[in-house]
Amino acid sequence: MVETPEAADLAAADLDRYRLIKKVGEGSGASLWYARLREAGVDGALPAAGITSRNEFERAARHRASTERLITIHPRPGGKAAAFENAPTMWASEVNTHRSSMRHPHILHTYEASASDPILPFLVLEFPEGGCLDRVLQSRRRLEPEECAGVVAHVGRALSWLHSQGLVHGGVDASNIFLTRGAASVVMPPWPDPWSGGGGAPGSAGTPADDVLRFAELTWRMLTGRSPGPWEHRIPLPMSCPSATKNVVQVLEAALDPDASARPEAQELALVVRGAWDALPIDLHSTADADFAPRLPARPGPSRGRSLTRGGVTVRKPDVEPTASRGRARVAARLGPLSRLRCLAPLVHAARRRWKAMVIGLLLVAAAVHGASRPLPTSDKAPHPRDVEEVSPIFAAPTVDGGGDPTDTHEPAGAAEAVEHLIAERDKALRDRDPSLIGGYALAGSDVEKADRDCIDTLRSRSVVWGDLRTRAEDIVVEEENDSLARVRAKLVVSGWEKTTPGAQGAGGTTQSIRLHLDRATGSWRIKAVESVPN
């Protein structure tokens, strides 16, 4: 798979330490290239011959990750003023200064920016083997709601993190979102154009509300295959996506509001969409570049159901029809004369025109027949000062000084299975030091949420990283369970966290029995409270 660059780009065939191999896209005045480190050889990859064992395959994958790059080249636009001659050099210096702080699981990693040739500045990023989301949408037009939920969850985490750092992305669209080989979504980092003359400081264009608007437009496009357009000409969402719940319609309409102050936060939009459907990875086999398609995981074989893994928990998801057709079938089977009368109740936008409110009402009731609506999750609140030693020393900790590829899939329905899933989600939040993940396992406003926010704040302020944190739940016993509440006893085995209290240095490893109080008011199990119990 060695391809000569196009004639117009021959001068860029070798950029510093990189050799351009294949052009994989373009946009916003830049061209995107698949490249390899020149010192790795002509093609930079291990030969296919002789790779027969799993270890050799894993070694080849690690080698590709260490030698392959995505390079965006920004050729000088015609007629640019001489005043910007030094702009690329300033841009590269700024990007290289700030790139170490631009690290998030769902943002493409930046290796470096270069203006060694000031006429041809370029940016070096990690290479996403699954390709660009825009290519998927151009081929398929729209995604299944479950696939959309996965993309929205990942992009929402990236935007929420950027906004928490005081940064704005400024380019939330399908051309700036890429996919890993496991179909996890990663966002292009918000570096400015090198020819803008504004330097390379990230995230200074626009406001978080602008990002939310573009995020909502992207979500609408993924669900319907078209742009939402202005309200006067907008087709109601349930008409194109019958399984959309009332909360999804509400949050998207609010995010598309012309009044920026009325828009929700990016995390709120992501939580509502993610809560409406069980997220599934996008099948990239039909859209991936032919040269990279062999690297994708094999399609599941013809079995009775799909095996889905999240946070170390594997569950079986039975084979079903696509969501849209399943929703139509249920609507046709269950809508009767009485249901049709109820659809005329007052609905989402009372201030809107009466005719449109009635249309949306009809479609929302039909959608509700397919799946009950979930309450609108609340947005993140500021950390609450708290002595986290008051909470269980195992679950609300591991504590610091006594204080407090990545793809979302099916959440367990039973309380026993949910415990393992929730514990794994908490491990991920603490490993990543990402407060936006707390809502995935802790009930909003609970002591668990407050304690873990304090814990993550402390980890960040002291530059402590628990990259090897792992918690294993054993001897799980469900003491009580109904449709909305559960009480579960379990023994937790925690390892991989660092003891930083005086006189207690070293790697942490702890075992304790606890009782978890679970709540399913939002439609999924969340931890409401934790208490220690005798071993």
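Since the model is a prediction, treat every value here as computed from it, not as a measurement.

Q: I'd like a rundown of the packing of helix α12 (residues 415-432) against helix α13 (residues 447-461), residues and numbers included.
A: Axis separation between α12 and α13 bottoms out at 9 Å; the angle between their running directions is 30 degrees. It follows from the interaxial angle that α12 and α13 lie roughly parallel. Together, R426, A429 and L430 of α12 and D452, C455, I456 and L459 of α13 make up the contact between the two elements. Of the residues belonging to the contact of α12 with α13, the class tally is five nonpolar, no polar and two charged.

Q: Mind laying out the pairing of strand β5 (residues 110-114), listing which residues take part and the relevant values?
A: The buried count for β5 comes to four of five residues, which makes it a mostly enclosed element. Inspection of the sheet shows β5 paired to strand β6 (residues 122-125) by four bridges, in the antiparallel sense. Paired with T110 across the strands is L125, a residue of β6.

Q: Hey, could you go over helix α8 (residues 266-276) for me, with residue numbers and the actual values?
A: Most of α8 sits out of view: nine of its 11 residues are buried. Those residues of α8 not exposed but buried are A266, Q267, E268, L269, A270, V272, V273, R274 and A276.

Q: Kindly report on the packing of aromatic side chains, identifying the contributing residues and their values.
A: What characterises a pair of aromatic rings is the spacing of the ring centres plus the angle enclosed by the ring planes. Taken as a whole and judged by the stated rule, the model has four aromatic pairs. Ring geometry for Y18 versus F122: centroids 6.3 Å apart, planes at 85 degrees, classification edge-to-face. Pair noted here: Y18 is in strand β2 (residues 18-27) and F122 is in strand β6, with a separation of 104 residues, a long-range link. Judged by its relative accessible area of 2%, F122 is buried. Measuring from ring centre to ring centre gives 4.7 Å for Y34 and F127, while their planes differ by 50 degrees; the resulting arrangement is tilted. Of this pair, Y34 sits in strand β3 (residues 30-37) while F127 sits in the loop between β6 and β7 (131-132); the two residues are 93 residues apart in sequence, bridging distant segments of the chain. Under the relative-accessibility criterion, Y34 is labelled buried at 0%.

Q: Please give an account of the pairing of β2 that cites residues and values.
A: Two elements, β2 and β3, share eight bridges in a ladder whose sense is antiparallel. Residue pairing for β3: G25 is matched across the bridge by L32. Remark: two residues form the turn of the hairpin made by β2 and β3, two consecutive strands paired antiparallel; S28 in that turn has positive phi of roughly 55 degrees.

Q: How would you explain the nonpolar core if you had to name every residue and give the values?
A: Formed by 70 residues in total, the largest nonpolar core has its most connected members in L133, F215, M222, L237, L252, L269 and W277. In terms of residue count, helix α4 (residues 145-164) provides more of this core than any other element does, nine residues in total.

Q: Account for the sheet that holds strand β8 (residues 177-179), with residues named and values stated.
A: The strands that make up a sheet are held in pairs by hydrogen bonds between backbone atoms, and each pair lies either parallel or antiparallel. Pairing in this open sheet of three strands is antiparallel, and the strands run β7-β8-β9 from one edge to the other. Looking at strand neighbours, the two that pair on one side only are β7 and β9 (185-187), the edges of this open sheet. Of the pairings in the sheet, the one linking β8 to β9 comprises three bridges and is antiparallel in character. Following the sheet pairing, I177 is matched in β9 by V187. Taken strand by strand, α4 contacts β8 and β9, and its axis lies near 30 degrees from that of β9.

Q: Account for the confidence of the model for the protein, naming residues and giving values.
A: Taken as a whole, the protein shows an average pLDDT of 75; of its residues, 67% reach a score of 70 or greater. Under a pLDDT of 50 for its full length, residues 1-12 has, in the predicted model, 21 contacts with residues more than four places off or in other chains. Predicted confidence for residues 302-357 stays below pLDDT 50, and this span has 91 contacts to residues more than four positions away or in other chains.

Q: Give a detailed account of the packing of α4 against α8, specifying residues and quantitative values.
A: Between α4 and α8, the least distance of the axes is 8 Å, while the angle of their chain directions is 160 degrees. Put simply, α4 runs roughly antiparallel to α8. In this structure, α4 crosses over α8, and the sense of that crossing is left-handed. Two secondary-structure elements touch here, α4 through A149, V152, A153, G156, L159, S160 and H163 and α8 through A266, Q267, L269, A270, V273 and R274. Of the residues belonging to the contact of α4 with α8, the class tally is eight nonpolar, four polar and one charged.

Q: Can you tell me about the environment of T110, naming the residues and giving the values?
A: Checked against the element boundaries, T110 lands in strand β5. The spatial distance from the C-alpha of T110 to the C-alpha of R69 is 9.8 Å, given a sequence separation of 41 residues. Not counting residues up to four positions away in its chain, the partners in contact with T110 are V95, R99, L123, V124, L125, P189 and W191. Within the structure, the side chain of T110 is placed 2.9 Å from the side chain of W191, a separation counted as a polar contact.

Q: Summarise a negative patch on the surface; cite the residues concerned and give the values.
A: Side chains of E417, E420, E481 and D483 sit close together on the surface and give a patch of like negative charge. By relative accessible area, which is 68% here, D483 ends up exposed.

Criteria and thresholds
- Sequence order as written defines residue numbering, which begins from 1 separately in each chain.
- Residue-level local features of this predicted model are given only where pLDDT is at least 70; pairs of side-chain atoms are given and counted only at 80 or more, and the full residue set underlies all totals for whole chains, interfaces and linings.
- Calculation of side-chain values draws on the structure's entire complement of heavy atoms; hydrogens and water are dropped beforehand.
- Each axis is a line fitted through C-alpha atoms, taken for helices only over the stretch in contact, and angles between the N-to-C directions span 0 to 180 degrees.
- Helix numbering and strand numbering both begin at the N terminus, where a helix is a DSSP run of H or I of at least 4 residues and a strand a DSSP run of E of at least 2.
- Roughly parallel means an angle under 35 degrees; roughly antiparallel means over 145; roughly perpendicular covers 65 to 115; every other angle is labelled oblique.
- Only heavy atoms enter the contact rule, under which two residues are in contact if any of them lie within 4.5 Å.
- In the scheme used here, Gly and all other residues not listed as nonpolar or charged are polar, with Ala, Val, Leu, Ile, Met, Phe, Trp, Tyr, Cys and Pro taken as nonpolar and Asp, Glu, Lys and Arg as charged.
- Only protein chains enter the calculation, and the probe is 1.4 Å; a residue is then buried if its accessible area is under 20% of its type maximum, exposed if over 50%, and partly exposed in between.
- Any two strands with at least two DSSP bridges between them are considered paired.
- What counts as a ring pair is set by centres within 6.5 Å for rings of Phe, Tyr and Trp (its six-membered ring), and what kind of pair is set by the plane angle: stacked under 30 degrees, edge-to-face over 60, tilted for all other angles.
- Only buried Ala, Val, Leu, Ile, Met, Phe, Trp, Tyr and Cys residues count toward a nonpolar core, and they belong to the same one when joined by side-chain atoms within 4.5 Å.
- Scored from 0 to 100, pLDDT records how confident the predictor is in each individual residue.
- Two helices that cross are described as forming a left-handed crossing if the nearer one is turned anticlockwise from the farther one by less than a right angle, and a right-handed crossing if clockwise.
- Polar contact is the term for a pair of N or O atoms within 3.5 Å; when the atoms are in protein, one must be able to donate a hydrogen and the other to accept it, and sequence-neighboring residues count only if both atoms are side-chain atoms.
- Like charges are joined within 9 Å and nonpolar side chains (Val, Leu, Ile, Met, Phe, Trp, Tyr) within 5 Å, but only among residues with over 30% relative accessible area and no salt bridge; these make up the patches.
- Accessible areas in this description were obtained via Shrake-Rupley with a 1.4 Å probe; residue shielding takes into account the shown protein chains only.
- Salt bridge criterion: a side-chain nitrogen from Lys or Arg within 4 Å of a carboxyl oxygen from Asp or Glu.
- The sign given to each residue is positive for Lys and Arg and negative for Asp and Glu; His and the chain ends receive no count.
- In this description, the location of a charge corresponds to atom NZ of lysine, CZ of arginine, CG of aspartate or CD of glutamate.

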